[in-house]
Amino acid sequence: MTHPERLGQGERTRQNIVTALTERLRLVTYQQVTVGELMRQASVGRSTFYRHFSSKLDVLLLHHTNRFRQMLADYQSEQDWLALEAAPSLHHFFGRVAANSNLRRSLGYTLGADSELAKHKIVRLIVNEVEANLARTLPTADLTLPLPMLTSAIAANIQSQVVAFKDLTNKQETEAFVNRLQHLNRGLILAALGRV
């Protein structure tokens, strides 16, 4: 989670606008949100908004970047990635997905005209976050396959499991579901480290 007291004024403004988007998405779909509403809710003027973002899509992308960083926050070492149970941050991420009905809607439906570009950029964001984390936490020199290949496999695994999770009818099974995702990621990393 981002701590407001540690941010500079510009970053606080950016996060306030992201918070405004998050709050609006609890009530309406992405298509229904306007830049004007975000400006009003974040108490910023037009020039301030456009100093930080070029579009509503850019706000959504920063929102996703924040979420992906939070999802991986507890993966600080090789041992975290190789644990038998998922880290709390991964459980928390899926808990948020379970609690937010707008996140369970199809991206194509809720993003409207921004759909294709948004999907492509969101995929890049998760790949970038996973790669940065793995580069920091794994002995990449020991990998038996290139880091980008491992990164793509883990990012694709997470993405596909988010889609599968959206269809999970019994959200009481969330903990078991997330731990199975951890097992899949763990298997990919063990294979990449040549330990299987």
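To be clear, the structure that these remarks concern was listed above.
Rules used in this analysis
Residues numbered from 1 in each chain as written. Predicted model: local features only at pLDDT ≥ 70, side-chain atom pairs only at ≥ 80, totals over all residues. Heavy atoms only, no water. Phe/Tyr/Trp six-rings, centres within 6.5 Å; stacked < 30°, edge-to-face > 60°. Helix = DSSP H or I, 4+ residues; strand = E, 2+ residues; numbered from the N terminus. Buried < 20%, exposed > 50% of the residue type's maximum accessible area, 1.4 Å probe, protein only. Lys NZ or Arg CZ within 6 Å of the ring centre and 35° of its normal. Polar contact = N/O pair within 3.5 Å; in protein donor to acceptor, adjacent residues only side chain to side chain. Contact = heavy atoms within 4.5 Å. Axes fitted to C-alpha atoms, helices over the stretch in contact; angles between N-to-C directions. Parallel < 35°, antiparallel > 145°, perpendicular 65-115°, else oblique. Left-handed = near helix turned anticlockwise from the far one by under 90°.

Applying the stated criterion across every chain, the model contains seven aromatic pairs. Between Phe49 and Tyr50, the aromatic rings sit 5.0 Å apart at their centres with planes inclined by 80 degrees, giving edge-to-face as the arrangement. Between Phe94 and Phe165 the ring centres are 5.1 Å apart and the planes differ by 85 degrees, which places this aromatic pair in the edge-to-face class. Taken together, the positions of Phe94 in helix H6 (residues 88-99) and Phe165 in helix H9 (residues 147-166) put the pair 71 residues apart, joining distant regions of the chain. Phe94 gets classed as buried once you look at its relative accessible area, which sits at 0%. One residue, Lys56, lies across the ring of Tyr30, its end atom 4.2 Å from the ring centre.

Attention now moves to unusual backbone geometry. Despite not being glycine, Ser43 has its phi angle at roughly 55 degrees, a positive value. With respect to the element layout, Ser43 can be found in the loop between helix H2 (35-42) and helix H3 (46-52). A relative accessible area of 66% places Ser43 in the exposed class.

The subject of this paragraph is the side chain of Glu78. Here Glu78 is to be found in helix H5 (residues 78-81). Residue classification places Glu78 among the buried positions, given a relative accessible area of 14%. A distance of 2.7 Å separates polar atoms of two side chains, one belonging to Glu78 and the other to Arg195. Beyond its immediate sequence surroundings of up to four residues, Glu78 is in contact with Thr137, Leu138, Pro139, Leu193 and Arg195.

The next point concerns the packing of H9 against helix H10 (residues 174-192). Two elements in contact, H9 and H10, have axes separated by 10 Å at closest approach and are oriented at 165 degrees. Considered as vectors, H9 and H10 are oriented roughly antiparallel to each other. The handedness of the crossing between H9 and H10 comes out as right-handed. For the pair H9 and H10, contact is made by Leu150, Ala153, Ile154, Asn157, Ile158, Gln161, Ala164 and Phe165 and by Thr174, Phe177, Leu181, Leu184, Asn185, Leu188, Ile189 and Ala192, respectively.

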